[in-house]
Amino acid sequence: MLYKESGQFVTTYRFDKRFFRLKQERLAFSLLLAFAFLVVPSIGNDYWFSAILIPFLVLSLAGLGLNLLTGYAGQLSLGSAAFMAVGAFATYNFNLRIEGLPLIISLILGGLTAGGVGLVFGLPSLRIKGFYLIVSTLAAQFFVQWVFTNFTWFSNNSSSGVITAPPLHVFGSDFNSPLGRYLLTLTVVLALGLLAKTIVSGELGRKWMAVRDMDTAAAVIGISVPKTKLLAFAISSFYLGIAGALWAFTYLGTVEPHGFDLTRSFQILFIIIIGGMGSILGNFLGAAFIVLFPILLSNLSSGLLAGAIDPGQLENFQKMIFGALIIFFLIKEPNGLAKVWQTAKQRLRVWPLRF
C-alpha cells in the first residue's frame with residue numbers, strides 16, 4: 001500500500017511539474033508575442049523592418065515548410081525555391097486577373113496552387129527515396145524557373161519576367177509601409193506557425209514521423225504511406241508558396257523567376273539543418289542565424305579588418321568564415337540550435353545546483 005501511494009505521489013508530482021512547465025512556456029510565448037506586436041513597432045525603424053525582420057520571418061516560414069516535409073515526414077527535397085516561385089506568381093495572377101479578390105484570398109489560393117504543384121512533384125516519392133528523390137525535386141527547380149521565364153503570361157507579358165507587388169490592403173487597412181509589411185508578415189507567419197504546431201502534434205504529424213522512421217513498419221500498422229507522403233509534399237509546398245508570395249510582396253516588392261533559384265533552395269535547407277530538423281522553434285533559430293550572422297560578420301570585418309583586406313575580397317572572406325562556422329557547428333551539434341536551446345533550458349532549471 002505504501003508503494004502504491006508512493007508511486008501515485010511521484011506520478012502526481014511529475015504531472016504537476018509538466019503542467020507548470022507548460023504554463024511557463026505559454027507565458028513566455030505570450031510575452032514574446034506582446035514584444036513582437038507592441039514593443040518592436042515602437043522601437044524599430046524602417047531598416048530593421050525591411051532588411052532584417054521581414055526576411056527573417058519569411059525565411060522562417062519557408063524553413064517551416066521544408067521542415068514539415070524533411071524533418072517530420074523524412075522526404076528529401078531541393079525544390080523549395082520552385083514552390084516559393086509558384087506561390088508568388090500564382091498569388092500575383094489571382095490578384096491581377098480576378099477583380100476585387102481580397103489579398104488574403106489571393107495569398108491562400110497561391111499557396112494552394114503551390115501545394116498542387118508540390119503534390120505532382122511528390123509523386124516520385126511513392127517509388128523512390130533518398131538521393132534519387134532529391135534529383136526528382138531538383139527537376140522541379142529548373143522546370144518551374146524555365147516555365148516562368150519563357151511564358152510571359154505569368155508575368156502579365158512583362159519582357160523581363162518581373163512581377164510587382166499589388167497594393168497591400170487587407171480588410172480596408174493599408175500595409176504598404178515598412179511597419180505595415182512587417183505586421184502583415186508577422187501575422188501570417190504566426191497563424192501558419194500555430195497551424196503547423198497543431199498538425200505535427202496531431203494524428204497526421206504522428207503518421208509523418210512513423211513514415212520517416214520506417215515506412216515499412218508504418219504500412220504494417222495500417223498507415224497509408226502513399227497518402228501520408230503526398231500530404232507532406234502538398235502541405236509543405238503550401239507553406240513554401242505563401243512564403244514565396246510574402247518574399248515577393250512584403251520584402252522585395254518586385255521579383256523575377258531567377259530570384260527563386262537553386263541558391264535559395266540551399267539557403268532554406270541550411271536553415272533547417274542549422275536550426276534543427278523536426279522542430280518548429282528550430283526554423284526561427286536557423287533563419288535568425290542565416291539572416292543576422294552575415295550582418296554581424298560584415299560589421300566586424302569592416303571594423304576590424306578595414307584596410308587589411310582588399311574590399312573586393314572582403315565578401316569572399318566573410319563567406320569563408322560563415323561556411324567554416326556552419327561546418328564546425330554541424331559537427332559539434334548535429335541536432336541544431338533547437339537542441340542547444342533545449343539543453344540550456346534544462347540546465348537553467350537546476351541551476352545553481354547543477355550546471
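Structural data are supplied above this passage.
Residues numbered from 1 in each chain as written. Predicted model: local features only at pLDDT ≥ 70, side-chain atom pairs only at ≥ 80, totals over all residues. Heavy atoms only, no water.

**Q** I'd like a rundown of the overall build of the protein chain, residues and numbers included.
**A** Counting secondary structure elements, the protein chain contains 13 helices and four strands. When the 355 residues of the protein chain are sorted by exposure, 43% land in the buried category. Counted over contacts in the protein chain with a minimum sequence separation of 6, partners at least 24 positions apart contribute 76%. (Helix = DSSP H or I, 4+ residues; strand = E, 2+ residues; numbered from the N terminus. Buried < 20%, exposed > 50% of the residue type's maximum accessible area, 1.4 Å probe, protein only. Contact = heavy atoms within 4.5 Å.)

**Q** Outline the nonpolar core, listing residues and values.
**A** L61, L68, Y182 and Y239 are the most contacted members of the largest nonpolar core, which has 81 residues in total. In terms of residues, this core owes the most to one element, helix α2 (residues 46-72), which gives 15 residues. Dropping the residues within four chain positions of it, L61 is found in contact with V189, L192, Y239, I242, A243 and L246. (Core = buried A, V, L, I, M, F, W, Y, C linked by side-chain atoms within 4.5 Å.)

**Q** Quick one: what's the story with unusual backbone geometry, residue by residue and with numbers?
**A** Although it is not a glycine, N156 adopts a positive phi angle of roughly 60°. The residue N156 is located in the loop between α5 (131-150) and β1 (163-164) in this model. Positioned with a positive phi, N157 is a non-glycine residue whose angle comes to about 60°. If you trace the backbone, N157 turns up in the loop between α5 and β1. For N157, a relative accessible area of 57% gives the class exposed.

**Q** Explain the pattern of salt bridges to me, using residue names and the numbers behind them.
**A** Following the criterion strictly, the structure yields four salt bridges and no others. A salt bridge links E203 to K207; the nearest nitrogen and oxygen atoms lie 3.4 Å apart. A residue pair is termed a helical-turn pair when its members lie 3 or 4 positions apart in one helix, as E203 and K207 do in helix α7 (residues 203-213) at four residues. Residue K207 is classed as partly exposed on the basis of its relative accessible area of 29%. Because the salt bridges share partners, they merge into one network encompassing K129, D215 and K229. (Salt bridge = Lys/Arg side-chain N within 4 Å of Asp/Glu carboxyl O.)

**Q** Now, about a nonpolar patch on the surface: what can you tell me, with residues and values included?
**A** A cluster of nonpolar residues, F35, L38, V39 and I43, forms a patch on the protein surface that exposes about 400 Å² of accessible area. Within the secondary structure layout, I43 lies in helix α1 (residues 2-43). (Patch = residues over 30% accessible without salt bridge, like charges linked within 9 Å, V, L, I, M, F, W, Y side chains within 5 Å. Areas by Shrake-Rupley, 256 points an atom, 1.4 Å probe, with all protein chains shown as cover.)

**Q** I'd like to hear about the packing of aromatic side chains, residue by residue, with values.
**A** Within the structure shown, the criterion is met by 13 aromatic pairs. On the basis of an interplanar angle of 25° and a centroid distance of 5.2 Å, the ring pair of F49 and Y182 is categorised as stacked. With F49 in helix α2 and Y182 in helix α6 (residues 178-200), this residue pair connects regions lying 133 residues apart in the sequence. According to the relative accessible area criterion, F49 is buried, its value standing at 2%. For Y182, a relative accessible area of 3% translates into the label buried. For the pair F131 and Y132, a centre-to-centre distance of 5.9 Å together with 75° between the ring planes defines the contact as edge-to-face. Across this residue pair, the class does not change: F131 and Y132 are exposed. One aromatic cluster is present, formed by F89, F148, W153 and F154 through successive ring pairs. Its guanidinium or amino end placed over the ring of W153, R97 lies 4.0 Å from that ring's centre, counting from NZ or CZ. (Phe/Tyr/Trp six-rings, centres within 6.5 Å; stacked < 30°, edge-to-face > 60°. Lys NZ or Arg CZ within 6 Å of the ring centre and 35° of its normal.)

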